[in-house]
Amino acid sequence: KERDFWNWELSRNLDTPRHKAFRRENGIADRSRHITGWDTRGRKCVAPGVWPELVDMWNMRRCDLIDCFGAAAVRDVMMRDPLHHSFTWDLSQNVTRVQFRNATVGVSGCVTPGGELFMPHVGRTLMGYEKLLLQGIPFSRLLLGPETEVQLSDLAGNAMSVSVISATLLAAICAPQLRKARRKNSKLSLEKLALSQKYDAANGVVLAERGDLYGKLKNRTETKNFIDVFEGIAKDLANDAYRSSVLCTCESSGRTTHDATILECQGCGMSICHECSNRQNTSSHELIEINVAGNTGRPDPHTFERKLRCAVPPILHLGDGWENTIENGKGLEAYSFQIQQVDRKLGHWRLTYGAWEDYGSARQVAEITVTIGRIGTFGQLGVAAYVRCFAPAIRQMEPQRGRLRDSARIIIHAGNGQNKKAKWEIPLPLMKDKKKLQVAGSDPCPSQRIQIGLNDVAAKAIKAHKPQKQFIPKIQSRNSFLCYHPKWKTWPGTIVITGDDTGKVNGTYRRRKCEQTIVHSALWTREASDDKPMLYIYIRPDVIRTGLDMAVISLTPCYKDNMEIVELIDWIPENALEEKTHGTKYKYLGWKDAPENLCMEVPNPTMTMSTPGSFQEKANASTGDPIGPILCEMNGLSNEVVKSLLEHNNCDAGQTRLARIDLVGRSGTRNAKRLSIIAAPSLLKYAAEGKLPLTLSQWYTLLSSTTMFGYCEINVPFRPVEQWKHVSNHKVNIERIYDAEESNEYYHKLLRRPTAFQVTVDQDKGRLVVHMNPSVAAHHAAAALVRGRAIGDEYAKTLSIDYSLSELSSMGEPDTKEFHVPNSDAFEETTVSGLELPLYKRQAKALTRMQSIERGDVLFSEEERSEHVLPGIGWCLIARAAKMTPLRGGVLGDGIGSGKTVVTIALILAGVEKARGNRNVNKGISGATLIVVPPGLVQQWDDERKKFTKNKLKCLTVDCTAALKRYSMNDLCETDMVIVPASILEERPKSGKARPYTEQLSKKSGSKKIPPAPTGYSQREAASIEGTWVRNMASGPEIYVGNKGKQRARDEQAYYGHCYSEAVTKLRQKTFRPNDRGVPLEYFTWERVIIDECHETLVTGKNQETDAADFKATARRGAREFLGVAQTDTSKRPLVATTGVWGLTGTPLLETEARVTELANLMGGTYLTGAAHHWRKEERESGRDLFLNQQEGSRSREYRCAVQTACHAYVKEACQRNRGADLEVKLTREMKNVNMTCAEGRVFMKKINELNLEGFSFSIHPDQLGEKSCNELLSVTASSKARHAALLETIDSIHKNEPFTKVIVFASTFYGGYDSASSALTNSDKPFCSVSDDDSVYRQNEIISWFRHTDATKEDRERPRVLLLSFEQAAGHNLQEACHHVIIYDPMYSGSDAIADASVEEQAVGRVMRQGQKNDVTVTRIIVKGPNGERCVDDCIVERNLDEDVLRAATSNYD
C-alpha cells in the first residue's frame, strides 16, 4: 500500500532526497539493500538472523535507513559487519540526524521516549529493560510493577539524563562536607571520605570466605562425578535436544515453526525452515533438507525443557585441585554453582550455572555453561561444558574488558561408549610462533565492499578524510587505518597455506558463496581427506568493536562454536593477493588434558522439597482463606540462606519466626531476584519432575457452595464513583472529582488485598513455604464477567470456575491468523411467504442461521481469565470464569450487492406476526425493527422494503428530529420498521449551533443539556497487526501504537457519555400517552436492532472519518454513544432490543482481536475474553483509572492465546461470510483467442443439427441447451486441438520472460476439459504435476507444497513448473507465495447458476490472488472461437461468468 519510497515523483517523501544524498556522499549504490532487501508492495528479503516479522512492520524509509547504515559500517577502513558486530541504530530518526556509530567505541546514541533502537547483530529492537541497562540504570533494583514494554521504553528515554542529574546532586551534597574537612587537612583526598565496605581491602578479588561452602566439610560419598552424570544425559537427551532446539530464525522468539521441512546450508551450517526460505536471503547458500522430525515429529520444546530439568542436577561443585589448575580460579572451590537458566539456543540447549558471593546477595564470580545437543555447527551430538571465571572482569584494579577466555572445558559425545573416556581440558598458554605461515591467494573474486555496493567514491572519501589523532587506533598493523588496501575490490577465491611444520593447517582453501551468515561473507574451506579434517578460514569478529577482528582457522564455520585452532595475526583477505604480505604470523589455540584427579562434583541437594496433603481438597475447602493452601515446601535452608532471603524484607528477620517475603511491595524486585537465585532451581526441578500436587497446565475445578465469585469486596474492591464539577477555566468547563474519604478507604483496601501466591520463611526450622490461593484469582476473573453488566446474581452463582498452574516459559505464542468467517451451507433453507422475489439458496440458509440465534439456540461461552505470577520463579496461576449464554445477535458480512438487505427484510417479515403480538404502547414496547444506517442510506432501505415486500411491512423513516416529532407513541409502536440515521444524535442544521435531537431528548427527559460530541480524539484504535511483533514505538496507556490522546479529551468524552446516559435513564422513568409525539427513540424497547454498515461507527481512523462527506467524526462519536458501543450493561444501552442486535457490513471488519471484541459487545453485549481490557475502555477513563488499570498487570502469551481463541470462536458462531480486503497487486485478465479447426467446426455444427437446433450457430448460449445437449456440444470445444496448442503457447510465453516461474492450470471436469489439458501436457515435452484421487493424502499434499513455496534448493528448482488442477481441487490451497500466473484452460459451466460458476472460477483465481501475494497476477483464459473467428460458446460463458453483477454476488461465497 505504501508508495515507492525511492520514487520522489510518486512518494514526495522528504526523506528520499536525504537518503539519496547519504548514499551518494558515502559511495553506496542506490539499490544496495544488503540487510532488508526491501522493495515495493511490501516485498522484502531480509538477511538470515534478522526477524522477518519485525521488518514486515517497517516502512520503506526504516528499511532503507538500515541498509544505509549497514553499508556505512562496511565502508569504514576497519570494516565491521553489522550482522555480527554490536551496533544500535535509532530508526525513529532521519538518516542525517543520527550516526551509524559513535566515534568513541561503546557509546550509543540517545535513548529517547518513542525511540526505536535496532540491533542488527541480534536481529531485533531493544526491549525496555535493555534500554534501561543501556542508560546505566539497573532495572533489577527499581521498584517496577506490571509496566508494559512501551512504559519501560519511555522510562528509559525519559531517564537519559537521570545519571547526570544524580551525579550533580550527589556532588552538590558532598562538596560542603569536603570543604569543611579540608579546612582541617588541606591535602585530604575524597577517597578518604568514601563509605567503606567489609571487603574493600580485597580490591574486588574473589574471596573463598564469601562462598556458601566456606568452612564446610564436603562429603565425597554423597556426590557423583559430573562426567558420569552427563554421559547418561548425552546418551538419552542429546538427540532430542538438537531436534527441539532453535533451527530457524523464526524460532528464536520462542515459537516452533509449523513447517516440518528444515533446510541446512552445506557450506556454513545455517539452518532455516522451508517457510522462511522465501522471506530471507538464501540464494547464496547450498541448502539441503535435513531430517529432524524423525518418525514422530520434532519434540515439543516446552515438554523437553521439563524433561531436561528433571535430568540435570540443580547444583554443581568444583572438586579439589581446581583453584590450582585453572586460570583465575582462586577461591572458587568454596562456591556452589546453582542452575540459573535453561535456554533454547541454535542447535542446542544451554544450561547456565552461576556462583554468587554471600549466598546470592552480592556479585556473580563465575559460571559453568553446559550445552546439550549439537556440539559445533556440523559437530556430533553430545554435551559440552565450559568453566568461565569472572575474576579478571570484576577486580577493581585494571579490570579486563571484552571477551573472557574459558578456563576449562569438557566434550562428551553421545554414543561414545566406553572406548574413550571424556576428560576435562584446560587451555594452552597463548604463545606466538616465531615462524610465519605462507598464505597465498589466487582467483580474485568480489570483496565484501563490492558485494554490498560500495564504489570508488567511498575509497576516495576515506583517503581524503583526516581523522583526529585520538581516534586513530593505537595498534601496530601492516595494514593502513587511514585508507583502503590497494586490492580492496577483490578477495582471493582460492587460498593456499604452507609453512606449518605440523601440517595441520596446510592445504588449499576455496571460498564459499555463503553470504551474511558469516562475518563479511568471508569463508574458505579445506576439504576433508583421509587423515585431515575439514578446516575453515573465517574472520572472528570483535563484537564490541574495541579491537581488530581476527582471522582464524577452525574446525567449524561458526565463531560461536569455540572450535578455533589457529589465529592468523594481522591478516585481511587482501594480504593474500600481494606477494609481499603472504607471510603471516600465527598463533595456535590449543587445549591440553587436565590432571586426572580434576573432578567436578554433582552433590545431593541439601535443601529438600515436599508437598503436604491434597491441594485440591484444601483449595475447595478454603475459598475464603486469604492465604490459601500450601503448594510446596523447601526444607533444609541454612541460617545464612534465610538471612539472604530476608535481607531486603520489610520486617526485621529476627522479630518473627514466620516471615513473609515481600514480592510485590517496595523491595519486591530485589526479593524476587534473590528468590530466583536461591530457590528457583529446586522449585522448577521439583515441578518438572511432576511432584507438585497439581499437574502443570491442567485445569482443575474450583468448587464452592458458599462463595459467589466476582462480588468479593476484599479481593476486588469497588472503585469510588466519579462525580462531575463545573469549573471556571479557559480550557475546560468540567472536571471529575472523587470523594476523598472513599478514595482513601479504597487505597487501603488495595493494600490489604490478598495475593494469589505467598512465600513465607520459617526461620527456626529453615523452611520456605509457597502458598497458592486459587480463589483470589477466581474472584478477579469473575469480577470482569459479572460487574457492570446487570446480569443478576443467578449468572454469578452459575459461573464455572477453573484454575491451572502453568510456567511462563512453557506458554505458547499465539499464531496470528486471519479470521475465517464461515458460510451457512450446513443450514437448511427457510422460505418466507410475502417476499416479491425468492431468496437465493445461500440467502435462505443465512436467514435460517439468523433465526436460530434469535431463538436462543446458539450458545456461546463467555469467559474471562485472571493471571497471577510468582515473581522470581515464573509460575503462573490462571483462573478461568466461564458461562454458557445464548448469543444476542451477530453479523451478516456478505460482499456489496450480495443481498444483505433482502435477508434482513426477510428476517423481519418472517417474524412480523410475533412482533406485532408483542406490542405494548403503554410500556413503550414496539413491534418494530429499528434499522440504524449511515446517513446516505435511509431512503435506499425504504426503497428496498418496497421492492421486496411492496407494502406488507409498514415503515417509518426518522431521518431527522422534525420527522420524529410528527410521529406519536402509537405510530412508533404499531409500525414494523423504523429507519433512522446513525448520526441523528449529532444532527445539526445547515446554519446555527442548534442540536435538535439532544435538545428534544433533554426536554422530554427533564435532564440537563447534553454537550456537543467532543472534537478531539481521546483514544485511537491500534493499527492492524501483521505477524507476531508489536513495535514499542510510542507512548500510551496500554500497548497500542500511535496513541496521542490527551486526558482532557478523555474527560470530555466521559462527560458527554455521562450526560447522555443520565438523560436516557431519566427518559425511561417518564410515562407517555399513546398520542404523545416526538418521544425519543431511546425510550422504546425494539423487536430487534439492525446496524447497517456497522464498521462505519466502529472505526476511528482519521482518514476514514474526516474524508466521509456525510458521516463526519463528531457524528460518528455521537453514533457510538447512540449505539452504546462502550456500554457493557445492556439494560442501560440507548437502544434496547427484544430478540437481538445485528450488524451488516460488506467491508472487512474482522482484522484484529480488538475489533472482534468490540463487535461482539455491540451485537447484544456478548463478552469475549479480554473485553474488560479493551482499548475502547480507555476512551473515557480518568487519570486515576488509567493508573489503576496498569496495576492489573500485563497479559501473558497464554492469555493472548485465549483472547484469540475466543474471538475466532465468536466469528465462527455469530458471523457469516465476510470478504477479505482488496489486494494492492494488479490483477490482469488476458484472453487467448484461438480458432478451432475446420474439422472441429464441422463436428460442432453436426452436433447442432443432431440436437435439432437448426438456425443456431457457433454462438449458441449453453443456457439454451438441455443438460445432455450441453454435455455433447461443450465436449467438442473442451477437447479442441486449438486449445491444446494455445495452452502450450501460453506456457512457453510465460517461461520466455520468467523461465523458472510456476504456472497453475485450472480446467473443468464437467465436459472433458481436464482430461484434454492433461493430454496436451502429457503429449508435449513439458513436465507437469497433477493431483489424482488415487494418490495418498501425503502425496497430494507433497505435490501441492511444491507450488506453495518458492524454490530454496536445487531439488526444488529441478521440479516441474506447471501444476494442473481441476476447479474442484481449487478450494483451500494457498499458492500466492510462489505463483502469480494462472491459466484457465476452459471456462467453468455447470448449469444455469451463473453465480455458482463464477464463484468457482474466482476461487481458482483466489488461490493466487489473495493476501500475501507480492507480484502482479496474470490470469489467462483460453477462448475457442469458430473456424473463422466466429463468436462461440466460450465467449458466452466467459461473458456470463465475468459479468460485474454476477461477480459481486459470487465473491461473497468464499472466505
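Predicted model only: the values in this text are computed from it and were never measured.

(A) Expanded view of the overall build of the protein. On a plain count of helices and strands, the protein comes out with 43 helices and 48 strands. Out of the 1455 residues in the protein, the part that is buried amounts to 54%. The contacts of the protein with a sequence gap of at least 6 include a subset with a gap of at least 24, amounting to 72%. For the protein, the accessible surface area stands at approximately 64700 Å², while carbon and sulfur atoms represent 50% of it.

(B) The arrangement of the packing of helix α2 (residues 15–26) against helix α4 (residues 60–75) in detail. As a packed pair, α2 and α4 sit with axes 11 Å apart at the nearest point and diverge in direction by 15 degrees. Between α2 and α4, the angle falls in the class roughly parallel. For the pair α2 and α4, the crossing hand works out as left-handed. In this structure, α2 uses D15, H19, F22, R23, E25 and N26 to contact α4, whose residues at the interface are R61, D64, L65, D67, C68, F69, A72 and R75. Classifying every residue of the contact of α2 with α4 by side-chain character gives five nonpolar, two polar and seven charged.

(C) Region of interest: the packing of aromatic side chains. Per the counting criterion, the structure on display carries 26 aromatic pairs. Between F5 and W38, the ring centres sit 6.3 Å apart and the planes meet at 70 degrees, which makes this aromatic pair edge-to-face. Taken together, the residues F5 in the segment before α1 (8–11) and W38 in the loop between α2 and α3 (52–56) connect sequence positions 33 residues apart. W38 matches F5 in its accessibility class, with the two residues each being buried. Through a chain of ring-to-ring contacts, three or more aromatic side chains come together here, namely F22, W58, F69, F87, W89, F100 and F118. A cation over an aromatic ring shows up here: R33 above the ring of W38, its NZ or CZ 3.5 Å from the ring centre. Directly above the ring of W699 sits R880, whose terminal nitrogen or CZ lies 3.9 Å from the centroid.

(D) Fine view of the sheet that holds strand β5 (residues 262–265). Read from one edge to the other, the open sheet built from three strands follows the order β6-β5-β7, with strand pairing classed as antiparallel. With partners counted over all chains shown, the strands left at the sheet margins are β6 (271–273) and β7 (287–290), one partner each. If you compare each strand with its neighbour and ignore which way they point, the axes differ by 35 degrees on average. Pairing geometry for β5 and β7, over four bridges, is antiparallel. For E264, the partnering residue across the bridge sits in β7 and is I288.

(E) Main features of the side chain of D500. Among the structural elements, D500 can be located in the loop between β16 (490–498) and β17 (507–511). Buried charge without a salt bridge: D500, with R526 as the nearest opposite-charge side chain at an N-O distance of 7.2 Å. At 2.9 Å, the side chain of D500 forms a polar contact with the side chain of T502. Contact partners of D500, with chain neighbours within four places excluded, come to L437, V505, N506, Y586 and Y588.

(F) Structural context of the pattern of salt bridges. On inspection of all chains with the given rule, the structure shows 70 salt bridges. Close ionic contact of R945 with D942 constitutes a salt bridge, the shortest N to O distance being 2.8 Å. A residue pair is termed a helical-turn pair when its members lie 3 or 4 positions apart in one helix, as R945 and D942 do in helix α24 (residues 938–949) at three residues. As far as the burial class goes, R945 and D942 line up, both buried.

(G) How the structure looks around the environment of L1363. One can find L1363 in strand β46 (residues 1362–1366). Here L1363 falls in the buried class, since its relative accessible area comes to 0%. Taking C-alpha positions, L1363 is 8.6 Å from F1306, a pair spaced 57 residues apart along the chain. Those residues in contact with L1363, other than ones at most four positions away along the chain, are V1303, I1304, V1305, C1329, S1330, I1343, I1344 and F1347.

(H) Highlighting the sheet that holds strand β1 (residues 89–90). Taken together, three strands build an open sheet; the order of strands is β1-β2-β3 and the sheet is antiparallel. The sheet terminates laterally at β1 and β3 (124–125), the two strands that pair on one side only. In terms of strand pairing, β1 meets strand β2 (residues 117–119) through two bridges, oriented antiparallel. Bridge pairing in β2 places W89 opposite F118.

(I) Up close: unusual backbone geometry. Even without a glycine there, the phi angle at Y359 is positive, about 55 degrees. With respect to the helices and strands, Y359 occurs in the loop between β10 (348–356) and β11 (364–374). You can call Y359 buried: its relative accessible area is 19%. One non-glycine residue, D443, lies in positive phi territory at about 50 degrees. On the secondary structure map, D443 appears in strand β15 (residues 432–446).

(J) Broad picture of α24. Relative to the 16 Å expected for twelve residues at 1.5 Å per residue, α24 spans 17 Å between its end C-alpha atoms, a close match to the ideal helical length. In this structure, the buried residues of α24 make contact with α22 (900–910), β37 (929–933), β38 (955–957), β39 (977–981), β40 (1085–1092) and β41 (1136–1144). Just downstream of α24 lies K950, where phi reads positive at about 55 degrees.

(K) Just the nonpolar core, in detail. Residues V932, W941, W1086, F1122, M1163 and Y1210 are the most contacted members of the largest nonpolar core, which totals 89 residues. Examining the composition of this core, we find that seven residues originate from one element, α22, more than from any other. Contacts of F1122, omitting those with residues within four sequence positions, involve V932, V980, A982, I984, L985, Y997, Y1060, L1081, E1082, P1134 and L1135. Membership of the second largest hydrophobic core comes to 83 residues, among which are F69, W524, A551 and A576.

(L) Seen up close, the confidence of the model for the protein. On average, the protein scores 85 in pLDDT, and the residues at 70 or more come to 89%. In this model residues 1023–1043 is a low-confidence stretch, pLDDT under 50, and it forms 62 contacts with partners more than four residues away in sequence or in other chains. In the predicted structure, residues 1101–1110 sits below a pLDDT of 50 and forms 20 contacts with residues beyond four places in sequence or in another chain.

(M) Spatial organisation of the pairing of β41. Direction of pairing for strand β36 (residues 889–892) relative to β41: parallel, over a ladder of four bridges. Of the residues in β41, the one forming a bridge with V891 is G1143. Here seven bridges tie β40 to β41, and the two strands are oriented parallel to one another. In the sheet register, T1085 faces β41, and the bridge partner there is V1136.

Calculation notes
- Residues numbered from 1 in each chain as written.
- Predicted model: local features only at pLDDT ≥ 70, side-chain atom pairs only at ≥ 80, totals over all residues.
- Heavy atoms only, no water.
- Helix = DSSP H or I, 4+ residues; strand = E, 2+ residues; numbered from the N terminus.
- Buried < 20%, exposed > 50% of the residue type's maximum accessible area, 1.4 Å probe, protein only.
- Contact = heavy atoms within 4.5 Å.
- Areas by Shrake-Rupley, 256 points an atom, 1.4 Å probe, with all protein chains shown as cover.
- Axes fitted to C-alpha atoms, helices over the stretch in contact; angles between N-to-C directions.
- Parallel < 35°, antiparallel > 145°, perpendicular 65-115°, else oblique.
- Left-handed = near helix turned anticlockwise from the far one by under 90°.
- Nonpolar A, V, L, I, M, F, W, Y, C, P; charged D, E, K, R; others polar.
- Phe/Tyr/Trp six-rings, centres within 6.5 Å; stacked < 30°, edge-to-face > 60°.
- Lys NZ or Arg CZ within 6 Å of the ring centre and 35° of its normal.
- Pairing = 2+ DSSP bridges.
- Lys, Arg positive; Asp, Glu negative; His and termini not counted.
- Salt bridge = Lys/Arg side-chain N within 4 Å of Asp/Glu carboxyl O.
- Polar contact = N/O pair within 3.5 Å; in protein donor to acceptor, adjacent residues only side chain to side chain.
- Expected span 1.5 Å × (residues − 1).
- Core = buried A, V, L, I, M, F, W, Y, C linked by side-chain atoms within 4.5 Å.
- pLDDT = per-residue confidence, 0-100.

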